Amino acid sequence: MDEEYDAIVLGTGLKECILSGMLSVSGKKVLHVDRNKYYGGESASITPLEELFTRFGAPAPDECYGRGRDWNVDLIPKFLMANGSLVKLLIHTGVTRYLEFKSVEGSYVYKGGKISKVPVDQKEALASDLMGMFEKRRFRNFLIYVQDVREDDPKTWKDMDPHTCTMQQIYDKFGLDKNTQDFTGHALALYRDDEYLNQTAIQTVRRIKLYSDSLARYGKSPYLYPMYGLGELPQGFARLSAIYGGTYMLDKPIDEIVMEDGRVVGVRSGKEIAKCKQVYCDPSYVPDKVEKTGQVIRCICLMDHPVPNTRDALSTQIIIPQKQVGRKSDIYVSLVSYTHQVAAKGWFIAMVSTTVETDNPENEIKPGLDLLGPIRQKFVSVSDYYEPTDDGIQSQIFISASYDATTHFETTCLDVLDIFRRGTGEDFDFSKVKLDLGDEEQ
């Protein structure tokens, strides 16, 4: 450990592994260390099934669950947007050579006690049971406007400059009712609350375009999920970092982040010190530099059937917008199954999650659990949500936020790209990657 590095990355959570890969690709000399023996940190995949039961203090699973080693259960499952930044990063960096993805079969939104497919194009808008006939027409016109917007061409804005108009003004211009605004903002643009309504519309326009562009790639939904679960992703990025000269050490205790004059100069493990100019890490490595800003409840549910009313989809995402259940934040439901090689044949893994708002978190996820039908086994966890107290530029310690309640990767990507920008002073340059994009497109 007595070499000098440009950056030391602590922890092998997904965010840290992505950052390690990006920094290595950008020509930095990276040392990646984790106190654990396994990849993934709090976002790890648990296998075999017996380990999951042990982890939550449950009696050993009986024989009906099949072979324990056929299960890979993600503690924090998240779907990838097919055209989103993480998939672009995977393709650009060649990590897709080590991974195989399967598209998620359905994307649903909750309204008035039942779920409906999220409409994303004019045809689906007209067939949707989320809206009445006149509202469908208004929504269709709104979708056409969004698809036609070119950011640098005022002629496409139809007298509504998305750089200056708020999203609320654009909804009002098209006469969209509150329910339509609700599923558009939360199930298409994937916002977690309604603050976006008073911000300029351009960000929401980009998010809706991303959703429909992602949907166009694979058809059934905009989401992808890796075969064998998310545990494959950190290892894919670890391989990428190694290809570009990164060094990995697992099972290595971290005793101290060494500082001089308020800046990081190294990391100590026992008597060894690795010198570095920067440290990137998850909140658990720097408890004095993060603050708890909330909690997330997650419930992993093992089931022997798909979610009712999803046309027997073997994988799906359901978003319950906060207003539908009188909350401040959305509830998320995801389902994966044996078709992703994460469960034994005939079995399904659902996850219900949300941001905690009361002192009875389990009651808060009830609307999500009620959609699932009979649950054979459930495991509930409540975890603290931490955010860094500063941007890290003075100390050169750059800290990721904890994983939020969302069941998609977009917020994770935004955090990673923001950390990279703070740490390097520039946006990640995809063109620095040696691999040609054409090699990977199937």
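The name given to the protein chain in an unreviewed UniProt entry is Rab GDP dissociation inhibitor, with the source organism recorded as Periplaneta americana. Among the UniProt annotations of the protein chain, the heading Subcellular location (unreviewed entry) holds the following wording: "Cytoplasm".

Colleague: I tried to follow the pairing of strand E12 (residues 263-269) on my own but got confused; where do I start?
Modeller: Where a strand is regular, its side chains alternate between the two sheet faces. Here strand E11 (residues 256-260) pairs with E12 via 5 bridges, running antiparallel. By the bridge assignment, Glu260 is partnered in E12 with Arg263. What sits between the antiparallel neighbours E11 and E12 is a turn of 2 residues, in which Asp261 has the positive phi angle 50 degrees. In this structure, E12 lies alongside strand E13 (residues 272-281), joined through 4 bridges in antiparallel fashion. In the strand pairing of E13, Val267 is matched with Ala274. Adjacent in sequence and paired antiparallel, E12 and E13 are bridged by 2 residues, among which Gly270 carries a positive phi angle near 65 degrees.

Colleague: Even after reading the chapter, I still don't get the sheet that holds strand E18 (residues 377-388), so can you show me in this structure?
Modeller: Two strands in a sheet stick together by hydrogen bonds in their backbones, pointing the same way (parallel) or opposite ways (antiparallel). If you walk across this open sheet you meet the 7 strands as E8-E7-E15-E16-E17-E14-E18, and the pairing is mixed. The open sheet has two edge strands, strand E8 (114-117) and E18, and neither has a second partner. Put simply, the sheet's adjacent strands are angled 25 degrees from each other on average, direction ignored.

Colleague: In this structure, what is going on with unusual backbone geometry? I would like to understand it.
Modeller: In most cases, non-glycine residues show a negative phi, while peptide bonds are predominantly trans. The step from Thr47 to Pro48 runs through a cis peptide bond, and the omega angle for that step is -5 degrees. With respect to the element layout, Pro48 can be found in the loop between strand E3 (45-46) and helix H2 (49-55). Backbone geometry at Leu190 places phi at a positive 60 degrees, although glycine is not the residue there. Despite not being glycine, Asp261 shows a phi value in the positive range, around 50 degrees.

Colleague: Just checking my understanding: could you explain the nonpolar core for this structure?
Modeller: Nonpolar side chains in soluble globular proteins tend to end up buried together. Counting 101 residues, the largest nonpolar core has Trp71, Leu86 and Phe142 as the members making the most contacts within it. At 7 residues, the largest contribution of residues to this core is made by helix H1 (residues 14-25). Beyond its immediate sequence surroundings of up to four residues, Leu86 is in contact with Ile18, Leu80, Leu233, Phe237, Phe409 and Cys413. Ranked by size, the runner-up nonpolar core spans 21 residues in total, among them Ile115, Ile297, Met303 and Val356.

Colleague: Can you help me understand the pattern of salt bridges in this one?
Modeller: Taken as a whole and judged by the stated rule, the model has 21 salt bridges. Put simply, Asp384 and Lys292 hold a salt bridge, and the shortest N to O gap is 3.4 Å. Placement of Asp384 in strand E18 and of Lys292 in strand E14 (residues 290-303) is noted, with a sequence separation of 92 residues between them. Residue class for Asp384 comes out partly exposed when judged on its relative accessible area of 29%. Look at Lys292 and you get partly exposed, because its relative accessible area is 48%. Shared partners join several salt bridges into a network, and the residues in it are Asp418, Arg421, Arg422 and Asp427.

Colleague: For this particular structure, what's the right way to read the sheet that holds strand E6 (residues 101-103)?
Modeller: The strand order E5-E9-E6 describes an open sheet built from 3 strands, whose pairing is antiparallel. Unpaired on one side and paired on the other, strand E5 (80-81) and E6 mark the two borders of the sheet.

Colleague: Is there a simple way to think about the confidence of the model for the protein chain in this case?
Modeller: A low pLDDT score tells you not to read the predicted coordinates there in detail. With 97% of its residues at a pLDDT of 70 or more, the protein chain shows a mean pLDDT of 92. In this model residues 435-442 is a low-confidence stretch, pLDDT under 50, and it forms 14 contacts with partners more than four residues away in sequence or in other chains.

Colleague: Sorry if this is basic, but what is going on with the packing of aromatic side chains here?
Modeller: To describe a pair of aromatic rings, one takes the distance between the centres and the angle between the planes. Summed over the entire model, instances satisfying the criterion amount to 19 aromatic pairs. Taking the centre distance of 4.6 Å and the plane angle of 35 degrees together, the rings of Tyr65 and Trp347 count as tilted. One end of the pair, Tyr65, is in the loop between H2 and strand E4 (73-74); the other, Trp347, is in the loop between strand E16 (331-337) and strand E17 (348-355), and 282 residues separate them in sequence. Neither Tyr65 nor Trp347 differs from the other in exposure class; each is buried. Among the aromatic side chains, those forming a connected cluster through ring pairs are Phe139, Phe142, Tyr145, Tyr171, Phe174, Phe183, Tyr191 and Tyr196. Just above the ring of Tyr403 sits the side chain of Lys15; from NZ or CZ to the centre is 5.1 Å. One cation-aromatic arrangement involves Arg207 over Tyr191; the distance from NZ or CZ to the ring centre is 4.0 Å.

Colleague: Could you clarify how one ought to interpret the packing of H1 against helix H9 (residues 232-243) in this entry?
Modeller: Helix packing for two helices is described by the angle between their axes and how far apart those axes are. Where H1 contacts H9, the axes come no closer than 8 Å and their chain directions differ by 20 degrees. Taken together, the axes of H1 and H9 are roughly parallel relative to one another. Here H1 runs over H9; the crossing is left-handed. In this structure, H1 contributes Leu14, Cys17, Ile18, Ser20, Gly21, Ser24 and Val25 to the contact, and H9 contributes Leu233, Pro234, Phe237, Leu240 and Ser241. Taken together, the residues that form the contact of H1 with H9 break down as 8 nonpolar, 4 polar and no charged.

Colleague: Could you clarify how one ought to interpret the environment of Leu90 in this entry?
Modeller: Along the chain, Leu90 falls in helix H3 (residues 85-93). Overall, Leu90 belongs to the buried group, its relative accessible area being 0%. Counting along the chain gives 278 residues from Leu90 to Gly368, while the straight-line C-alpha distance between them is 31 Å. Setting aside chain neighbours within four positions, we find Leu90 in contact with Leu80, Val95, Thr96, Leu99, Phe101, Leu233 and Phe237.

Reading guide: rules and limits
Per chain, the residues get numbers from 1 upward, laid out in the order the sequence is written. Note on the predicted model: pLDDT of at least 70 is required for a residue's local features to be given, and 80 or more for side-chain atom pairs to be given and counted; whole-chain, interface and lining totals, by contrast, use all residues. Working from all heavy atoms in the structure, the side-chain values ignore hydrogens and water. UniProt positions are given in the numbering used here, feature names are shortened, and annotations may be inferred rather than shown by experiment. Only strands joined by at least two bridges in the DSSP assignment are considered to pair. Note on conventions: DSSP H or I runs of at least 4 residues are helices, E runs of at least 2 residues are strands, and numbering of each starts at the N terminus. Where helices are involved, their axes are fitted lines through C-alpha atoms of the stretch in contact, as for all axes, and angles between N-to-C directions lie from 0 to 180°. Only buried residues count toward a nonpolar core, which is a set of Ala, Val, Leu, Ile, Met, Phe, Trp, Tyr and Cys residues joined through side-chain atoms within 4.5 Å. Working definition: with a 1.4 Å probe on protein chains only, accessible area under 20% of the residue-type maximum means buried, over 50% means exposed, and in between means partly exposed. For this analysis, residues touch if any pair of their heavy atoms sits within 4.5 Å. Salt-bridge detection follows one rule: a side-chain nitrogen of Lys or Arg within 4 Å of a carboxyl oxygen of Asp or Glu. Confidence of the prediction at every residue is given by pLDDT, a number between 0 and 100. Between 30 and 60 degrees the pair is tilted, below 30 it is stacked and above 60 it is edge-to-face, where a pair is any two Phe, Tyr or Trp rings, Trp via its six-membered ring, whose centres lie within 6.5 Å. Charge over a ring is defined by NZ of Lys or CZ of Arg lying within 6 Å of the ring centre and within 35 degrees of the ring normal. For classification, angles of less than 35 degrees are called roughly parallel, those exceeding 145 degrees roughly antiparallel, those between 65 and 115 degrees roughly perpendicular, and all remaining angles oblique. Definitions for this section: a left-handed crossing has its near helix turned counterclockwise from the far helix by less than a right angle. A right-handed crossing has that turn clockwise. In the scheme used here, Gly and all other residues not listed as nonpolar or charged are polar, with Ala, Val, Leu, Ile, Met, Phe, Trp, Tyr, Cys and Pro taken as nonpolar and Asp, Glu, Lys and Arg as charged.

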